[in-house]
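Structural features, examined
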Amino acid sequence: MPNTYTQIHLHLVFALKHRTAVISPSWKYKLYHYMTGIIHNHTHKLLAINGMPDHIHLLMGMRPTQSLSNLMQQLKQDSSKWINENRLTANRFAWQEGYGAFSYGKSQLPAVIHYIENQEEHHRTRTFLDEYRRFLDAFDVDYDERYLFKPLE
């Protein structure tokens with residue numbers, strides 16, 4: 001798209017179906033690498049990715065060539081297929097429906113990257129649902145508790 005210039009930085013948060021904690025330290029970096037490839041193949045730029053056994057955080061520079069919902073559908077679909085084909089979990093792997101998407105300016109990126117890189121430390125004192133509610137509240141996003149990510153099973 002000639003004469004189209006953008007700077008769109010999104011922090012995405014999404015969880016496993018039923019919030020089962022099955023992303024293993026033994027293969028999580030392979031998953032992150034695979035997801036990075038999906039994002040790059042769609043011409044976006046991954047800036048940070050990390051998570052916990054039950055959810056993922058990623059920060060990316062998004063190009064205006066694709067809708068966010070389409071990218072998230074592709075990312076979840078392709079990564080689920082990869083996990084299942086490689087039999088990385090005992091049961092069928094799936095992501096929960098939905099995701100959180102929060103936008104940031106360029107000057108805020110170092111703090112967001114630091115936050116994502118330090119997920120393990122952060123979750124010693126705060127649950128995922130508490131963390132997610134804080135994002136929704138901080139960004140003034142209206143939400144219905146019934147439709148938040150399901151609690152851990």
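Preceding this section is the structure that the text describes.
The sections below set out a description of the structure shown in this document. (Residues numbered from 1 in each chain as written. Predicted model: local features only at pLDDT ≥ 70, side-chain atom pairs only at ≥ 80, totals over all residues. Heavy atoms only, no water.)

This next bit is on the sheet that holds strand β3 (residues 55-61). With antiparallel pairing, the four strands of this open sheet are ordered in space as β2-β3-β1-β4. If you trace the sheet from one side to the other, it starts and ends with β2 (45-52) and β4 (100-104), each paired once. When strand polarity is set aside, the average angle formed by the axes of neighbouring strands in this sheet is 15°. Across seven bridges, strand β1 (residues 9-15) lies against β3 in antiparallel orientation. Its bridge partner being in β3, His11 is matched across the sheet by Leu59. (Pairing = 2+ DSSP bridges. Helix = DSSP H or I, 4+ residues; strand = E, 2+ residues; numbered from the N terminus. Axes fitted to C-alpha atoms, helices over the stretch in contact; angles between N-to-C directions.)

With phi around 50°, Arg87 is a residue other than glycine that occupies positive phi space. Residue placement: Arg87 occurs in the loop between α2 (68-85) and β4. Its identity as a non-glycine residue notwithstanding, Asp140 has a phi of 55°, on the positive side. Within the secondary structure layout, Asp140 lies in the segment after α5 (128-138). Owing to a relative accessible area of 68%, Asp140 belongs among the exposed residues under this scheme. (Buried < 20%, exposed > 50% of the residue type's maximum accessible area, 1.4 Å probe, protein only.)

Among the nonpolar cores identified, the biggest contains 25 residues, and Phe14, Ile23, Leu31, Ile56, Leu58, Leu75 and Trp95 are the most heavily contacted of them. The set of elements that each furnish at least two residues to this core consists of β1, α1 (28-41), β2, β3 and α2. Looking at this core, the element that brings in the most residues is α2, giving six residues. Those residues in contact with Ile56 that sit more than four places away from it in its chain are Leu12, Val13, Phe14, Ile23, Leu31, Tyr32, Ile49, Asn50, Gly51 and Trp95. Core analysis: the next-biggest nonpolar cluster, separate from the first, contains 16 residues, Phe102, Phe135, Leu148 and Phe149 among them. (Core = buried A, V, L, I, M, F, W, Y, C linked by side-chain atoms within 4.5 Å. Contact = heavy atoms within 4.5 Å.)

So, about the environment of Leu148. Looking at the element boundaries, Leu148 is found in the segment after α5. A C-alpha to C-alpha distance of 9.9 Å links Leu148 and Glu97, two positions 51 residues apart in sequence. When residues no more than four places from it in sequence are discounted, the contact partners of Leu148 are Tyr132, Arg133, Leu136 and Tyr143.

Let us look at the packing of aromatic side chains. Within this structure, the stated rule accounts for 12 aromatic pairs. Pairing Tyr104 with Phe139 gives two aromatic rings, centres 5.4 Å apart and planes at 80°, and the pair type is edge-to-face. Of this pair, Tyr104 sits in strand β4 while Phe139 sits in the segment after α5, and the two are 35 residues apart along the sequence. Exposure remark for Tyr104: the relative accessible area of 15% places this residue in the buried category. Members of the aromatic cluster, joined through ring pairs, are Phe102, Tyr104, Tyr115, Phe128, Tyr132, Phe135, Phe139 and Phe149. (Phe/Tyr/Trp six-rings, centres within 6.5 Å; stacked < 30°, edge-to-face > 60°.)

Another point: the pairing of β4. The two faces of β4 differ: Gly100, Phe102 and Tyr104 on one face are buried, but Ala101 and Ser103 on the other face are not. Across five bridges, the pairing between β1 and β4 is antiparallel. From the neighbouring strand, Leu12 faces β4, where its bridge partner is Ala101.

Looking at the largest pocket, its volume works out to about 330 Å³. Around the largest pocket sit 14 residues that line it, and Gln96, Glu97, Gly98, Tyr147 and Leu148 are the ones nearest its centre. Grouping the constituent residues of the lining of the largest pocket by class yields seven nonpolar, three polar and four charged. (1 Å grid on protein atoms, 1.4 Å probe; cavity = no way out; pocket = protein on both sides within 12 Å on 5 of 7 lines; lining within 4 Å. Points joined across faces, edges and corners; volume = space filled by probe spheres on them. Nonpolar A, V, L, I, M, F, W, Y, C, P; charged D, E, K, R; others polar.)

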